[in-house]
Amino acid sequence: MTDEGAKFRVEKDSMGELQVPAAALWAAQTQRAVQNFPISGLTMPRAFIRALGLIKGAAADANAGLGLLPVSLAEAIRGAAEEVVAGTHDAHFPVDVFQTGSGTSSNMNANEVIAHLASARLAHGETAHPNDHVNMSQSSNDVVPTALHVSAALLCHELLLPALDDFVQVARARATALDGVIKTGRTHLMDAMPVSFGQEIGAWAAQVAAGKARVQACLPRLHGLAQGGTAVGSGINAHEEFADRFAAALSGATGIDFCRADDPFEAQATVDTAVELSGALRTLAVSVMKIANDLRWMNSGPLAGLGEITLPALQPGSSIMPGKINPVIAEAAAMASAQVIGNDATITIAGQSGNFQLNVMLPVTAYNLLQSIELMARVTRALAHDAIAGFEVNHEQVEQALARNPILVTALNPVIGYEKGAAIAKKAYAEGRPIIDVALDETDLDRATLERLLDPARLAQGGIVGNGG
């Protein structure tokens with residue numbers, strides 16, 4: 001009960017009474033967690049809270065369908081859960097990420113908030129109990145692993161995969177548009193044989209497309225849910241049909257084909273699928289960092305660097321140097337990638353922290369995995385639209401560097417041999433002369449033949465170009 005105007009009300013649980021803020025939708029167990037874990041100030045992500053709401057609504061439907069929960073209670077719980085799904089009550093999920101390793105505090109937070117909201121929907125005298133009704137046929141030990149899978153799956157389907165498709169589309173379009181522009185290739189950051197901008201950007205598109213395929217390969221296992229295993233995987237206190245009915249209800253609510261896990265004991269004892277998905281995200285982050293750094297090098301200068309391209313000018317680059325413009329999107333992408341790689345290390349350690357029938361680092365696994373998915377989704381869109389789609393090629397700089405590139409002599413190897421080619425390249429470097437001029441002096445090949453053999457556009461296509469090839 002709460003006196004009008006009071007700042008607190010008294011709630012009780014199996015451990016006794018304690019004060020809860022009067023306006024809070026949570027009750028005693030959540031309050032204990034707030035008091036026990038003033039650790040980081042980080043709370044569970046919106047995607048995770050949404051998943052908890054979806055789980056509680058689907059469980060209420062399954063229990064009602066089995067005749068275990070009165071229809072009036074099920075409808076009230078479902079309606080309250082839908083408000084949680086919508087994000088209406090996120091401020092009432094205050095539990096720190098660094099809490100009990102099973103995530104029990106977050107599960108009870110959801111149970112208490114939904115019970116409070118559901119009770120307000122019921123006829124006078126009826127109440128929804130957080131454990132007996134909202135948590136019916138469930139345990140934190142299967143709810144939290146299920147919420148981890150559901151939240152990650154929803155973010156992959158709704159946010160990440162469309163973003164990766166978008167990146168690939170933008171990059172491939174830019175590759176096609178610039179395929180005829182030839183530049184100096186580089187290995188070891190040193191001049192190498194020519195490539196086209198199309199080939200270089202096309203490789204970026206291929207990297208991200210492969211990253212998408214790696215994520216997609218995880219999805220069938222991500223769609224398998226622990227729900228129904230309850231305390232240890234055996235399904236104690238849950239009807240034998242509950243898991244299948246729950247998965248069907250959740251699939252209907254999300255449009256994703258969720259199912260009960262093949263082995264509920266494995267689903268609760270491990271977070272192996274989360275580790276697998278994190279590994280795919282880490283690989284994607286490595287790709288994104290490589291692409292971001294390529295863009296930074298290509299944009300470097302504009303006078304004292306490579307200066308091959310000019311990235312879009314998005315903001316002033318210095319508080320002291322007027323006119324300076326920095327590759328801010330590429331830098332942001334590199335930092336996001338570093339975060340995802342670090343998150344993967346945390347998730348890997350968390351994955352090793354299962355003992356017998358339960359993993360006990362579930363909240364931190366969820367926090368890091370969901371952050372990684374969101375970071376990769378948002379940063380690939382930014383990189384595609386604010387960097388790759390809009391950069392300008394500095395054609396004069398590209399052409400001058402290409403014309404001075406002694407490594408073009410590689411194309412003459414089939415005609416004059418490696419040793420002669422090396423001598424010509426060294427002389428061209430030493431004298432700062434175009435390779436074609438030195439080759440005219442050092443071989444008996446005429447200019448027309450050399451122009452054909454050293455044509456950068458032909459060289460970018462590969463194969464043997466000597467001997468008339």
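Here the structure is a predicted model, which is why all the values come from computation and not from measurement.

A. Quick look at the side chain of asparagine 63. Following the sequence through the fold, asparagine 63 ends up in helix H2 (residues 46-65). A distance of 3.1 Å separates the side chain of asparagine 63 from the backbone oxygen of methionine 136, its partner in a polar contact. For asparagine 63, the residues in contact, after removing those within four places along its chain, are Leu68, Leu69, Met136, Ser137 and Phe242.

B. Seen up close, the pattern of salt bridges. Summed over all chains, the structure comprises 23 salt bridges. Of the charged contacts in the structure, one is a salt bridge between arginine 50 and glutamate 158, with a shortest N-O distance of 2.9 Å. Residue arginine 50 is found in helix H2, and its partner glutamate 158 is found in helix H6 (residues 140-177); the two are separated by 108 residues along the sequence. Residue glutamate 158 is classed as partly exposed on the basis of its relative accessible area of 45%. A salt bridge links lysine 183 to glutamate 308; its shortest N-O distance comes to 2.7 Å. You can see lysine 183 sitting in strand S3 (residues 182-187) and its partner glutamate 308 sitting in the loop between helix H10 (272-299) and strand S7 (309-310), a full 125 residues away along the chain. Summarising the burial analysis for this pair, lysine 183 and glutamate 308 share the class buried. Taken together, the salt bridges that share partners define one network made up of Lys183, Arg186, Glu200 and Glu308.

C. A look at a nonpolar patch on the surface. Together, Ile39, Leu42 and Phe98 line one region of the surface with nonpolar side chains, adding up to about 260 Å² of accessible area. Structurally, the position occupied by leucine 42 is in the loop between helix H1 (28-36) and H2. For leucine 42, a relative accessible area of 34% corresponds to the partly exposed category.

D. Up close: the packing of aromatic side chains. Inspection of the entire model under this criterion finds one aromatic pair. Over the face of the ring belonging to phenylalanine 391 we find arginine 174, whose NZ or CZ atom lies 4.4 Å from the ring centre.

E. Representation of the nonpolar core within the structure. Within the largest apolar cluster, 112 residues are counted, with the highest numbers of intra-cluster contacts made by Leu160, Leu277, Leu295 and Ile373. Ranked by residue count, the leading element in this core is H6, at 19 residues. Excluding anything up to four places from it in sequence, leucine 160 contacts Leu155, Val215, Leu281, Leu284, Ile373, Met376 and Ala377. Formed by 17 residues, the second largest nonpolar core is a distinct cluster that contains Leu412, Leu445, Leu450 and Leu454.

F. Examining the packing of H10 against helix H11 (residues 328-351) more closely. Packing of H10 against H11 brings their axes to within 8 Å, and their N-to-C directions diverge by 160 degrees. Overall, the two elements H10 and H11 adopt an arrangement that is roughly antiparallel. Pair H10 / H11 crosses with left-handed handedness. On H11, the residues that touch Ala274, Val275, Ser278, Gly279, Leu281, Arg282, Ala285, Val286, Val288, Met289, Ala292 and Arg296 of H10 are Ala330, Glu331, Ala333, Ala334, Ser337, Ala338, Val340, Ile341, Asp344, Ile347 and Gly351.

G. Representation of H10 in the model. Between its first and last C-alpha, H10 extends 40 Å over 28 residues, near the 40 Å set by a 1.5 Å rise per residue. Of the residues flanking the end of H10, it is glycine 301, one or two places downstream, whose phi is positive at about 125 degrees.

H. How the structure looks around the pairing of strand S2 (residues 16-21). By the bridge criterion, six bridges tie strand S1 (residues 8-13) to S2 in an arrangement that is antiparallel. Of the residues in S2, the one forming a bridge with aspartate 13 is glycine 16.

Rules used in this analysis
- Residues numbered from 1 in each chain as written.
- Predicted model: local features only at pLDDT ≥ 70, side-chain atom pairs only at ≥ 80, totals over all residues.
- Heavy atoms only, no water.
- Helix = DSSP H or I, 4+ residues; strand = E, 2+ residues; numbered from the N terminus.
- Polar contact = N/O pair within 3.5 Å; in protein donor to acceptor, adjacent residues only side chain to side chain.
- Contact = heavy atoms within 4.5 Å.
- Salt bridge = Lys/Arg side-chain N within 4 Å of Asp/Glu carboxyl O.
- Buried < 20%, exposed > 50% of the residue type's maximum accessible area, 1.4 Å probe, protein only.
- Patch = residues over 30% accessible without salt bridge, like charges linked within 9 Å, V, L, I, M, F, W, Y side chains within 5 Å.
- Areas by Shrake-Rupley, 256 points an atom, 1.4 Å probe, with all protein chains shown as cover.
- Phe/Tyr/Trp six-rings, centres within 6.5 Å; stacked < 30°, edge-to-face > 60°.
- Lys NZ or Arg CZ within 6 Å of the ring centre and 35° of its normal.
- Core = buried A, V, L, I, M, F, W, Y, C linked by side-chain atoms within 4.5 Å.
- Axes fitted to C-alpha atoms, helices over the stretch in contact; angles between N-to-C directions.
- Parallel < 35°, antiparallel > 145°, perpendicular 65-115°, else oblique.
- Left-handed = near helix turned anticlockwise from the far one by under 90°.
- Expected span 1.5 Å × (residues − 1).
- Pairing = 2+ DSSP bridges.

All quantities given are derived from atomic positions and should not be read as evidence of function.
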